[in-house]
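Here are the chains, one letter per residue:
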Amino acid sequence: MGGGPLALWSQQSMQILVLLSLGLQFVLFVLAGIRRREDAPVRRFLLWLAYLMADSTAIYAVGHLSFSSIVQVHPLVTFWAPFLLLHLGGPDNITAYALQDNQLWLRHLKTLVVQVLGVAYVLLYSNIAGGNLLGLASVLMFALGVVKYGERTWALKCGTLESIGNSVKAQPPAIHNHFHPQDMAQPPAIHERFHPQDKAPPEEFLLRRAHSLFHICKRAIVDSSVIEEDTMEGHEEYTTQMMDGVELWALMEIELSLMYDLLYTKASVVHTSLGYLVRAVSPLVTAASLVLFHLSGKDGHNRDDIAITYILLGGALFMETTSLMNALGSSWTFAFLSSTKWHWLKYTALCDGRWDRLRRLVVSLHHVVKGGAASASRYSSRRWSCTIGQYNMLHFCTRPADTLTSPLLGRLANLVAPNEWWSKKHHSGTVQLSIPVKTFISYYMRRLYSKGEFNTGMLRKKWGEDPLDRLGLYEGILKESLGVEFQEGILIWHLGTDVFLAKSRTAKAEDAAERVEAIKVLSNYMMFLLVDRPFMLPGQPQNRLYQRTCEKLVSMRSANAKYLTRRRSGRIKNLFSVYDGPGSSSSRVTQMKELANNLYDEYENRELSNVAPRLTHVARLAKKLLEKERDGTADTLKLVLDVWMDILVYAGNKCSRNSHAQKLNSGGEMTTILWLMAEYLYQASLS
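As the structure is a prediction and not an experimental result, all values here were calculated from the model.

A. Region of the structure containing a positive patch on the surface. Taken together, Lys-503, Lys-508, Lys-520 and Lys-593 make up a surface patch of like positive charges. As for its placement among the helices and strands, Lys-520 is situated in helix α29 (residues 513–532).

B. Layout of the pattern of salt bridges. In the structure shown here, the tally under the stated rule is 22 salt bridges. The residue Arg-279 makes a salt bridge to Glu-151 at a minimum N-O spacing of 2.7 Å. Remark: Glu-151 occurs in helix α7 (residues 133–158) and Arg-279 occurs in helix α16 (residues 273–295); sequence separation between them is 128 residues. Assigned by exposure class, Arg-279 and Glu-151 land together as buried. Put simply, Arg-208 and Glu-204 hold a salt bridge, and the shortest N to O gap is 3.0 Å. With Arg-208 and Glu-204 both in helix α10 (residues 202–212), this residue pair falls 4 residues apart, about one helical turn.

C. Main features of the side chain of Ser-13. Tracing the backbone through its elements, the reader meets Ser-13 in helix α1 (residues 5–31). Here Ser-13 falls in the buried class, since its relative accessible area comes to 3%. Those residues in contact with Ser-13 that sit more than four places away from it in its chain are Leu-8, His-64 and Ile-70.

D. Quick look at α10. Extensive coverage of α10 is indicated by the burial of 9 of its 11 residues. Within α10, burial applies to Glu-204, Phe-205, Leu-206, Leu-207, Arg-208, Arg-209, Ala-210, His-211 and Ser-212.

E. Molecular detail of a nonpolar patch on the surface. Nonpolar side chains collect at one region of the surface, where Leu-20, Val-42, Phe-45, Leu-46, Trp-48, Leu-49, Leu-52 and Met-53 lie side by side and expose about 690 Å² of accessible area between them. Examining the composition of the nonpolar patch, we find that 7 residues originate from one element, helix α2 (residues 41–67), more than from any other.

F. Quick peek at the side chain of Ser-481. If you trace the backbone, Ser-481 turns up in the loop between α27 (476–480) and α28 (486–503). A distance of 3.0 Å separates the side chain of Ser-481 from the side chain of Trp-493, its partner in a polar contact. The residues touching Ser-481, leaving out its near neighbours within four places in the chain, are Gly-489, Ile-492, Trp-493 and Leu-621.

G. Inspection of α16 at higher detail. In this model, α16 (23 residues) spans 34 Å end to end at C-alpha, consistent with the 33 Å of a helix rising 1.5 Å per residue. Turning to α16, its buried residues number three or more, namely Gly-275, Tyr-276, Val-278, Arg-279, Ser-282, Pro-283, Val-285, Thr-286, Ser-289, Leu-292 and Phe-293. Tucked inside the fold, the buried residues of α16 contact α7, α15 (267–270), α17 (303–329) and α18 (331–339).

H. Structural context of the nonpolar core. Core analysis: the biggest nonpolar cluster contains 126 residues, and Ile-441, Met-526, Leu-553 and Met-670 have the highest contact counts within it. The element that contributes the greatest number of residues to this core is helix α14 (residues 248–264), accounting for 13 residues. Aside from chain neighbours lying at most four places away, what touches Met-526 is Phe-486, Ile-490, Leu-537, Trp-644, Ile-647, Leu-648 and Ala-651. Within the second largest apolar cluster, 38 residues are counted, among which are Leu-22, Leu-85, Leu-88 and Ile-306.

Parameters and conventions
Residues numbered from 1 in each chain as written. Predicted model: local features only at pLDDT ≥ 70, side-chain atom pairs only at ≥ 80, totals over all residues. Heavy atoms only, no water. Patch = residues over 30% accessible without salt bridge, like charges linked within 9 Å, V, L, I, M, F, W, Y side chains within 5 Å. Areas by Shrake-Rupley, 256 points an atom, 1.4 Å probe, with all protein chains shown as cover. Salt bridge = Lys/Arg side-chain N within 4 Å of Asp/Glu carboxyl O. Lys, Arg positive; Asp, Glu negative; His and termini not counted. Charge placed at Lys NZ, Arg CZ, Asp CG, Glu CD. Helix = DSSP H or I, 4+ residues; strand = E, 2+ residues; numbered from the N terminus. Buried < 20%, exposed > 50% of the residue type's maximum accessible area, 1.4 Å probe, protein only. Contact = heavy atoms within 4.5 Å. Polar contact = N/O pair within 3.5 Å; in protein donor to acceptor, adjacent residues only side chain to side chain. Expected span 1.5 Å × (residues − 1). Core = buried A, V, L, I, M, F, W, Y, C linked by side-chain atoms within 4.5 Å.

Here it is in structure tokens:
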């Protein structure tokens, strides 16, 4: 070891590369599932790093093996080449890290051809593929590696929105006559012809319902959920029956998790006849290769190389066996069996309850391996975290302005990223969506559906217009405050809502607490999307209008004599601050109310102007709402809440389907759930 790391690399480079490649596969296998929900940035960073390194490491190792003389010193490394193809195929639970990776499937196909030729060259050049036992094991692992790498490339192609759109007509919906007792919403006599099933947990019931209705989600994500008469004749009643008695929020969350499977995993390839055949054969091939290697002669081989070979074979056997068990016990297998043309297989697996017993066995194994929380996490991983972002402009504009005590992490972030990035992240927060807020939204969605507002998935009116128009208030400042651009309307109503709540007497009543909280949560959420995730909103971005508004509010705050005496306090706390979002311990409620009152007093009597910022619109909007509150002509809190819910529904409906699909990669968004809920409500209305 006198030469240090360079000498180690020159002597053990292939050993290091194949072990690193195998280790990266395990990292991907373990961490891939965290993308379904918002998770710790550290684990997401590790997953991203492993995803980038996995392919490059295996490709570099194949190239290094092809042009290196290491085979002469370590002849056993030739047998490792097929394992690199297997690693390039990756685990079943991750194919694409981002939606754009699916669009690059042709590049992966080219790489597949080059790498297969490279590994074939290595095997032929070393003559290891001869008639001995090790040569036979090499051929078996080479064939398996080619199939698995080809599977991944095909899964990437199937994960494009274009391919999903093409598959909608080709693949029949998972409509079935396979009911659990919980499915029997109608009198039992109607269902007595169905074979009774063992009682399934509520989450399992929801999961199977989601598969039965998944054709609606697939149509919606690629174009529109409108169903052609020739392809779905007579299924409208079935759709209504499947949605009857199901909690829509939970159903939408699971539907989107199934869409995540199609976009970012091998689900579209695994759960086919060929996919199940590959998973059944691959553990047998790997086990046969392990036996052949064990029986082959070890003379002339380095002891470390032999140990590494056993590690590679053992790791491959574990991954392939796990893949088989996960595939057979997956709920996707239920969908496959429900729509298969092999009626004998459907009867044997479903009606006789054999597949249900197998699934319970797989869940039990997960329970043993992962501990007591495994069975719960198997379902909870498919559910949305119910966490939404929060951002408040008044909170941001009352932040400490002393640059000497600005957060240390912020100063470091400004060296490597624009100042806006730190401001967005540092002053944003999250909140758990409460049951009252979900209830308000659900009621509003069902009211829209009952009125027929959803027609082929499109909203007929402007954002916020419907609740104002119903009360005859869609005129004057209330109409103009919605803005010409969608994001302009969000900004005006966000500030106008805060000013109104700061001065409203009704908002301070105890019985108004739930409604006020819902208004704040939705207002801050839409502002969070505007600032941090504008790609989730329709219309033109209003970055300059937002910046000018912030600058004006900060100048108003700085002119306040009270603020000058306050900002000296808490300097040390500010210096080490990591998080300063709405609702945090550093929330500046008093300062925010003072700034809201100053804004109102300064701009309430000014003439409307289209010059940025729109603070006159903000003050006049708050003034009109306060007038309606005083004269009692409208329930202003309900009106404001309805406007925000209408804006929320509009945002989800008009957001591009591509953006909805992208966001599934990092936990999903509430607007995506509401967009899909609207599509399902429309389908239910067809019957």
